[in-house]
Amino acid sequence: MASENSVTETGNNFVRDIIRADLEAKRHSEIVTRFPPEPNGYLHIGHAKSICLNFGLAQEFQGRCHLRFDDTNPTKEEQEYIDAIERDVRWLGFDWGSHLYYASDYFEQIYAWAEYLIQAGKAYVDDSSIEEIREMRGSLTEPGRNSPFRDRSADESLDLFRRMRAGEFPNASRVLRAKIDMSAGNINLRDPVLYRILHAEHPRTGTRWCIYPTYDFAHGQSDAIEGITHSICTLEFEDHRPLYDWFIENLPVPARPRQYEFARLNLDYTVLSKRVLTELVRQGHVSGWNDPRMPTLAGLRRRGVPAAALRDFVRRVGVARANSQVDVSMFDFSIREVLNKTALRRMAVLRPLKVVIENYPADGSEDLEAINNPDDPAAGTRRIRFGREIYVERDDFMENPPKQFFRLSPGREVRLRYAYFITCREVIKDAQGEVVELRCSYDPETRGGNAPDGRKVKATLHWVAAAESIPAEIRLYDHLFCRPDPGAAGDVFADLNPASLEVLSGCRLEPILAEAKAEEPVQFERLGYFCRDTGSESLVFNRTVGLRDSYAKTQQTV
RNA sequence: UGGGGCGUAGCCAAGCGGUAAGGCAGCGGGUUUUGAUCCCGUCAUCCCAGGUUCGAAUCCUGGCGCCCCAGCCA
């Protein structure tokens, strides 16, 4: 049973089965997971899957989930990213309590373990160059060869390693390697690098260190230090598991964590590669990490996607070991699902077409009552102003309509939502023949939207009063990329959708929208879900997602 | 001619030897002052081929296909 007020729900999956079995077998008294981002970019929807899984599992089994920054590479990591990641995880709805950690907190311990391996004859300092190491590693089909430095004494390695730490050597001049098996089929076992020299300032440890452990030498040990029971990561780390286990088994670590892998999320028309996302920002293809077209949590948030929708989506997608590519319609569904229940309804006209109601009093106007959310009576009602001159959507009028079109056209009667039935009497065009105004009549008997004589209309249009409505800019977003598998043909950037952003100015909104707050979802009736843009001085709205539109669908096939 | 995974409907995904859950999309219909929502209905024999079994998506054998790995990235 999915409870709406719970963010625990992770759905059924194999990791959960494993945890359940472990708990039943009393292998752990408590389960501890962790979300371990590297602070070298912003979190995206793929990370949301991992966050929901890790935090969700911890909540479900009453354990805990740590937020641990995997900050072992100072050349790529920044404080800005650390701050953004914390903000985004919190926004998504999760709380790590006091369990905020950094792999860099463990540098001293990890270093000590490196010396331990050297002394045990299981690690050595290699003076080979990057190229030599690569060359000696062999290939996918050929075994590697031992480094000429592999058999030097533990004492010599220890001395060299201490001098590496002391800063005696330049970058890339030496590394510390584990002594495992250069002929292993699994390349990760061919004497992996444990430490490299990096004279770089670290966002946390400053210049205290000039050697840094690699991911492989830091991750599992960090898990052990924190007492992580289930270290959940993505499939590409599967080959690293034997190495993860090797360190756990060969080091006097305080616990025995286990690594489990699941398939990362892939979404149609979306890129979830940090490298590419960073480039999009750096090259200015988007306005920043929080550009509403970005799949980042910051971008989605600015676009108006609620955290609850992300959680719902992730739950629906599930967790498995098979690579998959999820259809965006599933994400759109989750967004609408949440927004339909929460967004206040408003009226806004994106492309205004003036309508003059000829038989309405010239200086008259009146207030009508409109419902804020038909699915939530508690949301109440509001007054909307009606007058002789209004705006309707240009798309809601056609001079020569096809059979399927039942909105406004010459001679046809339609309903103005919450107002009156109107009938189009005359079409006014400019010199170029473009329709610039409609002259209509209204039926005073239909106030509120119902005809006493019971006659029906086939369409209800949204509208705003010309005089009282306020102007605004509205930004419509489309996929950032124009093919479902960006980059599959070569250059990802060549697949950028040139029409991913459409800016509409001169839109007209009902006045109450002037008070809208960023991130507060509203539904512009018959159009979609929108939210006010963050950071814009003037009135700007972003379209989060459109409403389902079965009419548009029929038009595509005709 | 290396190692590690995966293969159930257009897209996700349950299933763990007993006769194919669920969701998204699609299609058909009903309700409707949003062509929205909501509600009904419809939509697969499980990569292929053998085998074991009373019975197989589930077990065995052999194929085929796809993904990951040769950073001093994570």
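So, here is what we can say about the structure in this document. Since the model is a prediction, treat every value here as computed from it, not as a measurement.

Quick notes on the pairing of strand β8 (residues 230–234)
Piece 1. Buried residues dominate β8, accounting for five of its five residues.
Piece 2. In β8, alternate side chains face the same way, and those of His230, Ile232 and Thr234 on one face and Ser231 and Cys233 on the other are all buried.
Piece 3. Bridge count for β8 against strand β9 (residues 258–262) is five bridges, and the pairing is parallel. Across the sheet, residue Cys233 finds its bridge partner in β9, namely Glu261.
Piece 4. Traced from β8 through helix α8 (residues 241–250) to β9, the parallel crossover comes out right-handed.

What to know about the sheet that holds strand β5 (residues 175–178)
Piece 1. The four strands are arranged β4-β5-β6-β7 in an open sheet whose pairing can be described as antiparallel. Taken across any chain shown, the strands that pair with only one partner, and hence form the sheet edges, are β4 (123–126) and β7 (211–213). Across the sheet, the mean angle from the axis of one strand to that of its neighbour is 20°, orientation sign disregarded.
Piece 2. Docked against the sheet, helix α4 (residues 107–119) engages β4, β5, β6 (193–197) and β7, running at close to 115° with respect to β6.
Piece 3. Against the sheet, helix α6 (residues 154–166) contacts β4, β5, β6 and β7, and its axis sits at roughly 60° relative to β4.

Focus: the nonpolar core
Piece 1. Residues Ile45, Val89, Leu92 and Phe331 are the most contacted members of the largest nonpolar core, which totals 38 residues.
Piece 2. The greatest single-element share of this core, amounting to six residues, is contributed by helix α2 (residues 45–60).
Piece 3. Residue contributions to this core reach at least three from each of two domains, namely domain 1 (1–265 + 307–312) and domain 2 (329–345 + 471–557).
Piece 4. Setting aside anything within four residues of it in sequence, one finds Leu92 in contact with Ala48, Ile51, Cys52, Leu297, Ala307, Leu310 and Arg311.

Some points on the side chain of Ser128
Piece 1. Here Ser128 is to be found in the loop between β4 and α5 (130–136).
Piece 2. Side chain to side chain, Ser128 and Asp126 meet in a polar contact 2.5 Å long.
Piece 3. In this structure, Ser128 is in contact with Ile133, Met136, Ser147, Phe149 and Ser173, ignoring residues within four places of it in sequence.

Looking at the packing of helix α11 (residues 307–317) against helix α12 (residues 328–342)
Piece 1. One can describe the packing of α11 onto α12 by two numbers: an axis separation of 8 Å at closest approach and a directional angle of 135°. Here α11 lies oblique to α12, going by the angle between them. In the crossing of α11 with α12, the sense of the turn from one axis to the other is right-handed. Residues Ala308, Ala309, Leu310, Asp312, Phe313, Arg316 and Val317 of α11 touch α12, and the partners they reach there are Met330, Phe331, Phe333, Ser334, Ile335, Glu337 and Val338.
Piece 2. When its residues are assigned to classes, the contact of α11 with α12 shows 10 nonpolar, one polar and three charged.

Here is what the cut-offs are and how they apply
Residues numbered from 1 in each chain as written. Chains lettered and ligands numbered in written order. Predicted model: local features only at pLDDT ≥ 70, side-chain atom pairs only at ≥ 80, totals over all residues. Heavy atoms only, no water. Buried < 20%, exposed > 50% of the residue type's maximum accessible area, 1.4 Å probe, protein only. Helix = DSSP H or I, 4+ residues; strand = E, 2+ residues; numbered from the N terminus. Pairing = 2+ DSSP bridges. Right-handed = clockwise from strand over helix to strand, strands pointing away. Axes fitted to C-alpha atoms, helices over the stretch in contact; angles between N-to-C directions. Contact = heavy atoms within 4.5 Å. Core = buried A, V, L, I, M, F, W, Y, C linked by side-chain atoms within 4.5 Å. Domains from an automatic or database assignment. Polar contact = N/O pair within 3.5 Å; in protein donor to acceptor, adjacent residues only side chain to side chain. Parallel < 35°, antiparallel > 145°, perpendicular 65-115°, else oblique. Left-handed = near helix turned anticlockwise from the far one by under 90°. Nonpolar A, V, L, I, M, F, W, Y, C, P; charged D, E, K, R; others polar.

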